[in-house]
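For reference, the chains in residue letters:
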Amino acid sequence: MMIAEVARAKINLTLEVLGRRADGYHELASLVAFADFGDIVTLDTARPPGVTVDGPFAPSIASENLVAVTLRRLAAADERLTLGHVHLEKRLPVTAGIGGGSADAAAVLRAVRRANPEHENEIDWLGLAANLGADVPACFASITTWMTGVGEQLSPLSDWPRLDCVLVNPLEPAPLDKTAQVYKRLAASPLPDRFARPAPPRDEGPVAFLLARGNRLEAAAIALMPSAAEVKAALSGLRGCRYAAVSGGGPTCFGVFEDASPAAETLKISHPGWWVQGVVLG
């Protein structure tokens, strides 16, 4: 059996950091949406477990591939599960602020779930996802979500509108511990004993909500990777751009447009060294 899943790029449309928790993690509130573009994960149940990788960004994977870790965790979770060989076509930039590794792990979980319908209700899929990383539960659902806690508390937003966007990454090398460095630069205060989590969007229009909430990590991400500022400025300067920001810890930026296609083509011509992708977020 061959099962393919798209590991859709995750975009933090907003990201608020409420404070640093006693366990060292940060309490977050984030509106997360997923692009109609991503890596391709293919599970071949006729072959023994293993991982192969190709695609334009395969050579950029420097640390252990989270796909291999996911297969090991699944094997340990239930020996009855049918696993197999996973091929990853790496189409998303690595360490880019768009959840590539987390999306890959989540796609493996979904593929294995599809390959084992008789065990679907016997496995704690979200528990496995959470143990693989803070972003993996949201990527497992792969729908527009209001995400709180450290990423484990998810409230799907079925009525959030789809957005035409352009994703841009300057392809500046990012440190392997990029996320840790961004949070260190942020220097968030300790989380108070009593705090209120921000409410998800309700009656606001999408762009008004993005403008009001923003990305608390943006300044720290730009300080670590200055080219993100150039990318954001290029997006903001394009005709029809309604909003532009850094996604998560960067350096990928996104711009919201009525029609993203002309903007994407313009950037591909003016900045041929950048990764540019027109997408629909939903």
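Keep in mind it's a predicted model, so treat the numbers as computed, not measured.

## So, the overall build of the protein chain
Along the backbone of the protein chain there are nine helices and 10 strands. Seen through its principal axes, the protein chain has C-alpha atoms that stretch 55 × 50 × 35 Å. Looking at the protein chain as a whole, 52% of its 282 residues qualify as buried. Restricting the contact set of the protein chain to residue pairs at least 6 apart, pairs at least 24 apart contribute 77%. Roughly 12600 Å² of accessible area belongs to the protein chain as shown, and the carbon and sulfur atoms make up 51% of that amount. Within the protein chain, the 31 negative side-chain charges are centred at a point lying 4 Å from the centre of the 26 positive side-chain charges.

## Some remarks on the pairing of strand 5 (residues 145–149)
A large share of strand 5 lies buried, amounting to five of its five residues. In this structure, strand 2 (residues 26–44) lies alongside strand 5, joined through five bridges in antiparallel fashion. Its bridge partner being in strand 5, S30 is matched across the sheet by M147. In this antiparallel pair of consecutive strands, strand 5 and strand 6 (residues 153–156), the connection spans three residues, and G151 shows a positive phi of 120°.

## Observations regarding the nonpolar core
One finds L74, V108 and L109 to be the most contacted residues of the largest nonpolar core, which totals 33 residues. With nine residues, helix 2 (residues 100–115) is the largest single contributor of residues to this core. Not counting the four nearest positions on each side in its chain, V108 is found in contact with V41, V67, T70, L71, L74 and V86. Formed by 29 residues, the second largest nonpolar core is a distinct cluster that contains L28, A220, L235 and W274.

## A word on the packing of aromatic side chains
For the coordinates displayed, the defined rule picks out four aromatic pairs. Their ring planes at 70° and their centres at 6.2 Å tell us that W160 and F209 sit as a pair that is edge-to-face. Taken together, the residues span a long stretch of sequence, with W160 in the loop between strand 6 and strand 7 (163–169) and F209 in helix 6 (residues 206–213) at a distance of 49 residues. Here the two residues W160 and F209 agree in accessibility, since each one is buried. By way of ring pairs, the aromatic residues W146, W160 and F209 are connected into one cluster. Taking the ring centre of F37 as reference, the NZ or CZ of R91 above it sits at 4.3 Å.

## Some details on unusual backbone geometry
Across the junction of G250 and P251, the peptide omega takes the value 5°, indicating a cis bond. Mapped onto the secondary structure, P251 falls in the loop between strand 8 (241–246) and strand 9 (253–257). Positive phi values are uncommon outside glycine, yet S142 reaches one of about 55°. Exposure remark for S142: the relative accessible area of 9% places this residue in the buried category. Phi at L171 is positive, roughly 60°, even though this residue is not glycine. On the secondary structure map, L171 appears in the loop between strand 7 and helix 5 (178–186).

Criteria and cut-off values
Residues numbered from 1 in each chain as written. Predicted model: local features only at pLDDT ≥ 70, side-chain atom pairs only at ≥ 80, totals over all residues. Heavy atoms only, no water. Helix = DSSP H or I, 4+ residues; strand = E, 2+ residues; numbered from the N terminus. Buried < 20%, exposed > 50% of the residue type's maximum accessible area, 1.4 Å probe, protein only. Contact = heavy atoms within 4.5 Å. Areas by Shrake-Rupley, 256 points an atom, 1.4 Å probe, with all protein chains shown as cover. Lys, Arg positive; Asp, Glu negative; His and termini not counted. Charge placed at Lys NZ, Arg CZ, Asp CG, Glu CD. Pairing = 2+ DSSP bridges. Core = buried A, V, L, I, M, F, W, Y, C linked by side-chain atoms within 4.5 Å. Phe/Tyr/Trp six-rings, centres within 6.5 Å; stacked < 30°, edge-to-face > 60°. Lys NZ or Arg CZ within 6 Å of the ring centre and 35° of its normal.

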